Each structure stands twice: as C-alpha cells, then as structure tokens.
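A structural walkthrough
So you can see what is in the structure, the chains are spelled out below.
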Amino acid sequence: MNVKMHLNHLYALIVGIGICVGLSGCDNEKEPPLQIMGAEDNHLTLYHPNEEEGCVTIDGGARPYSVSCESALLDVYMEKWPNAFNYQTRGVGHAQVKVTDALGQSIYVDIDIRYREQHYEVIQHDVVVEGDQMTIAAQTELKEKALASIPVKEGGLYSFIYTENLAGTVYLYPHKVSSFRHEGTFRITTEELENNRPVSVYNLMVEDQQYKFIMNKYVPSKMADIIVPVALYEDLLEQFKPAYPEVGKVYSIQVIQPKAE
C-alpha cells in the first residue's frame, strides 16, 4: 500500500514538473524579429517610374502590420496582403518607410528610388546591301558609307535612362575607352515586321540627329560569323537611294550585348 501511494505521488510530481516546464516554454517563446524580405541592412532599391504598384514582403513580428512613409516620393499602404505592403513611386531620391507590428515593434527601411537603366555594348558592326543592278564597286562603296554612318563604334556603349515608362535620356559613348559622350532623348515604340512579328523600335534624337533602330535577332551577312542574340538595325534606304538609285535595301547593323552598370 505504501508503495502504491509512493508511486502515485511520484507520478503526480512528474506531471506537475512537465506542466511547469511547458508553461515556462510558452512564456519564453517569442515572435521572430520583424524584418523586410530582400532588404540588406534594412535598405531597399526601388525604381521609378513604376506604372503598376509594387509590393514588399514583411516577415516576423506579430500581425497585423501597419506601414507609413512621410516622403512625397513614395506612397505606401497595406491593402492586398496581410504580410506585404504596396507602394507607388512618385519620383527619384531617398525615402524612409516605417513598419510596425501588432505588438508596437517598429523597423525603419531606407529606400533608394532610382531611374531604371539599360546599357548595351556594341560588339560588332555589319551591313546589308541589296540591289540586283548594282555593281560590286558600288556595293562596296555603299557598305563603307553605311558603316561610317553608325554613331557608336565597336566597343562603344548605349546607355538608356528611363525617366518615363518607355522613354527618357540616352547617352552614346562612341568609342571603347573614352569618357566623351553624346546626350539625347529616346522613345521606344512597337512595329510589326513583314511576318507580323512585333519588334521594339528605339527612336533617338541626339544633337539634332535622328536615329531609328529596330531591335531584332541578328542574322549575320557571312555564314562564318557567330550568331548572337540581338542587334540594332537602321534602315538607310531613304538616305542613300538618291545617290544609289539601283539599291533595294541597305541596313546598318550593330550587334549588341547587355552590360552591367
């Protein structure tokens, strides 16, 4: 009998200890720290303009979250998702976003708002000249003139700064190793080729000179050439037709590749 009472007492003691440990564990359990996904040292880079609203994911802390920003450059709000805030950029510059959770904990995120940029290096030139009645000498001469008309030489650079959705400022770096550049504006439109395939057209105005470059896959004029993804084509027929009435087609071609900022 004493043994039975002793075992019952021991069982009750073990159960009590287990409950205490469980309660203690619950008391010590904490929410994961409040943080912004994708932010490095609470810093994010966003791009302007953004026609469609973007979103930034929030992690940790306790829901629901609230978000605020005092800068006129950035609108932020919690609408669509419980764990993300939406944003709309209004300009370029610096802004700070405050995120607060249900427990009153807050973090501040530094936002750098920039214009989107694209940089293309010219890696090769090519020319297409077609004309059944043209002599070899005339074709050779026209090819040389078409090559000379290309504003950016091999190794040079096109830099597109998108101050609008499909338009902005363009810088032409004519040579490989040079800080010299030409500044102008650009606007991207869409046209259809003969096969009804849409292509992007880069319309440039640089120092009173207009350029219309069609971005398309590059098909080399010589089969020995290596096929590369894209090139800028410029139709020069109107420019050279008066001097070369026999010419049917004349294009200058700039084979390009993306280049990091």
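Source: prediction; values computed, not measured. (Residues numbered from 1 in each chain as written. Predicted model: local features only at pLDDT ≥ 70, side-chain atom pairs only at ≥ 80, totals over all residues. Heavy atoms only, no water.)

With that settled, the discussion passes to the packing of aromatic side chains. Aromatic ring pairs are reported here in terms of the distance separating the ring centres and the angle at which the planes meet. Going through the model one piece at a time under the given rule, you end up with 8 aromatic pairs. Ring geometry for Y158 against F160: centres 6.3 Å apart, planes inclined by 10 degrees, an arrangement best described as stacked. Judged by its relative accessible area of 2%, F160 is buried. A ring pair is formed by Y158 and F213, whose centres lie 5.8 Å apart and whose planes are at 75 degrees; its orientation type is edge-to-face. In this pair, Y158 sits in strand β9 (residues 157–162) while F213 sits in strand β13 (residues 209–217), placing the two residues 55 residues apart along the sequence. Of the two residues examined, Y158 and F213, each falls in the buried class. Members of the aromatic cluster, each reached through a chain of ring pairs, are Y120, Y158, F160, Y162, F186, Y202, Y211 and F213. The ring of Y171 carries R181 above its face, with NZ or CZ at 3.8 Å from the centroid. (Phe/Tyr/Trp six-rings, centres within 6.5 Å; stacked < 30°, edge-to-face > 60°. Buried < 20%, exposed > 50% of the residue type's maximum accessible area, 1.4 Å probe, protein only. Helix = DSSP H or I, 4+ residues; strand = E, 2+ residues; numbered from the N terminus. Lys NZ or Arg CZ within 6 Å of the ring centre and 35° of its normal.)

Turning next to the sheet that holds strand β5 (residues 74–77). Strand pairs in the sheet, formed through backbone hydrogen bonds, run parallel or antiparallel to each other. Here 4 strands make up an open sheet; going across it, the order is β1-β3-β6-β5 and the pairing antiparallel. Every other strand in the sheet has two partners, leaving β1 (35–36) and β5 as the edge strands with one partner each. Sheet topology places strand β3 (residues 54–59) next to strand β6 (residues 84–89); 4 bridges connect them, and they run antiparallel. From the neighbouring strand, G54 faces β6, where its bridge partner is Y87. (Pairing = 2+ DSSP bridges.)

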